[in-house]
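Report on the structure
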Amino acid sequence: AVVSTQSTGREVVDEGFRYRGFPDSAGFPRSISSKESMTEYLTAIIFNISVYHAAVNFETFTYYSYTPNAPSCLKLPPPKQDEIVTMERILNTLPVPVISFIAMDTAYHLGTFSHMDKFYLGCEDVSRVGMVGENMAVASEQVECLQRLTTGMRGLKKKIDERNKGLYFKYDVLSPENVPITTQT
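None of these values were measured; they are calculated from a predicted model.

Quick look at the overall build of the chain now. Looking only at helices and strands, one finds six helices and zero strands in the chain. Mapped from its N terminus to its C terminus, the chain presents α and β elements in the order α-α-α-α-α-α. Here the chain holds 185 residues, and 22% of them are scored as buried. For the chain, restricting intrachain contacts to residue pairs at least 6 apart in sequence, the fraction spanning at least 24 positions comes to 51%.

See below:
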């Protein structure tokens, strides 16, 4: 396991960061010498490919569905620093409705879960498969670890559900049932 861990560290640095054009390892070590360091780096990786990815990407439609928030293109150049901006100028600058619709449609599809995504917690009412499903080879000690993780996730979901009770706009983007395990499954 130690040799595998060390080769993983070297592979992340050499094949990941340097291959992608980063001049250095971006802070990732070439070798990992302790269980605590391994836990720290694995936690960061898992967080970035699941929770962070969900937070950044699955709200795109919410933001981009209103064209003035983030127009996909403009018919006029942006106003200069001291230029007086009028409503007429704004309306003449925004894209035509068909372009706005295309941008909204693109944002909708980019922010929609794939039918192949697996989630930390399953959700039967929307046919989301939970973490331990068919075609997933896991050892008995992994199953125990996954059960502890999902128990913690259920507790987090309960807290989020409690917080959202009575709110008109519920914030559940990062509820475990809405966070895919990875960016690709």
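Low pLDDT means the predicted coordinates in that region are not meant to be read closely. Put simply, the chain has an average pLDDT of 79, and 76% of its residues get 70 or more. The lowest-confidence element of the chain is helix H1 (residues 2-18), averaging 67 in pLDDT; the highest-confidence one is helix H4 (residues 87-93), averaging 93.

We now examine helix H6 (residues 140-164). Since there are 3.6 residues in each turn of an α-helix, residues three or four apart along the chain are aligned in direction. Between the first and last C-alpha of H6 there are 36 Å, a value that for 25 residues agrees with the 36 Å anticipated at 1.5 Å per step. Leu146, Thr150, Met153, Ile160 and Asn164 are the residues of H6 that are buried. A positive phi of about 80° marks Gly166, the residue just after H6.

A few words on the pattern of salt bridges. A complete count under the given rule lists four salt bridges for this structure. Between Arg89 and Glu83 there is a salt bridge, with its nearest N and O atoms 3.0 Å apart. Note that Glu177 is salt-bridged to Lys157, the shortest N-O span being 3.3 Å. Taken together, the residues Glu177 in the segment after H6 and Lys157 in helix H6 connect sequence positions 20 residues apart. With relative accessibility at 11%, the residue Glu177 sits in the buried group. The partly exposed category is assigned to Lys157, whose relative accessible area is 21%. Within the structure, one salt-bridge network assembled from shared partners comprises Lys157, Asp161 and Glu177.

Residues Val96, Val98, Ile99, Phe101 and Ile102 make up a contiguous nonpolar surface patch of roughly 440 Å² in combined accessible area. Summarising the element assignment, Phe101 is placed in helix H5 (residues 97-110). Using a relative accessible area of 52% as the deciding quantity, one classes Phe101 as exposed.

Within the structure shown, the criterion is met by three aromatic pairs. For the ring pair Tyr63 and Tyr64, a centre distance of 5.2 Å and an interplane angle of 90° mean the geometry is edge-to-face. Measuring from centroid to centroid gives 4.7 Å for Tyr168 and Phe169, while their planes differ by 85°, and the two rings are edge-to-face. Here Tyr168 matches Phe169 in class, with each residue exposed.

Our focus in this paragraph is the side chain of Thr60. As for its placement among the helices and strands, Thr60 is situated in helix H3 (residues 60-64). Judged by its relative accessible area of 14%, Thr60 is buried. Look past the residues within four positions of Thr60 in its chain and what remains in contact with it is Ser65, Ala107, Leu110 and Gly111.

Moving on: the environment of Leu174. Mapping Leu174 onto the fold places it in the segment after H6. Once residues lying within four places of it in the same chain are set aside, the contact partners of Leu174 are Val51, Ala54, Ala55, Ile160 and Val179.

What counts and what doesn't
Residues numbered from 1 in each chain as written. Predicted model: local features only at pLDDT ≥ 70, side-chain atom pairs only at ≥ 80, totals over all residues. Heavy atoms only, no water. Helix = DSSP H or I, 4+ residues; strand = E, 2+ residues; numbered from the N terminus. Buried < 20%, exposed > 50% of the residue type's maximum accessible area, 1.4 Å probe, protein only. Contact = heavy atoms within 4.5 Å. pLDDT = per-residue confidence, 0-100. Expected span 1.5 Å × (residues − 1). Salt bridge = Lys/Arg side-chain N within 4 Å of Asp/Glu carboxyl O. Patch = residues over 30% accessible without salt bridge, like charges linked within 9 Å, V, L, I, M, F, W, Y side chains within 5 Å. Areas by Shrake-Rupley, 256 points an atom, 1.4 Å probe, with all protein chains shown as cover. Phe/Tyr/Trp six-rings, centres within 6.5 Å; stacked < 30°, edge-to-face > 60°.

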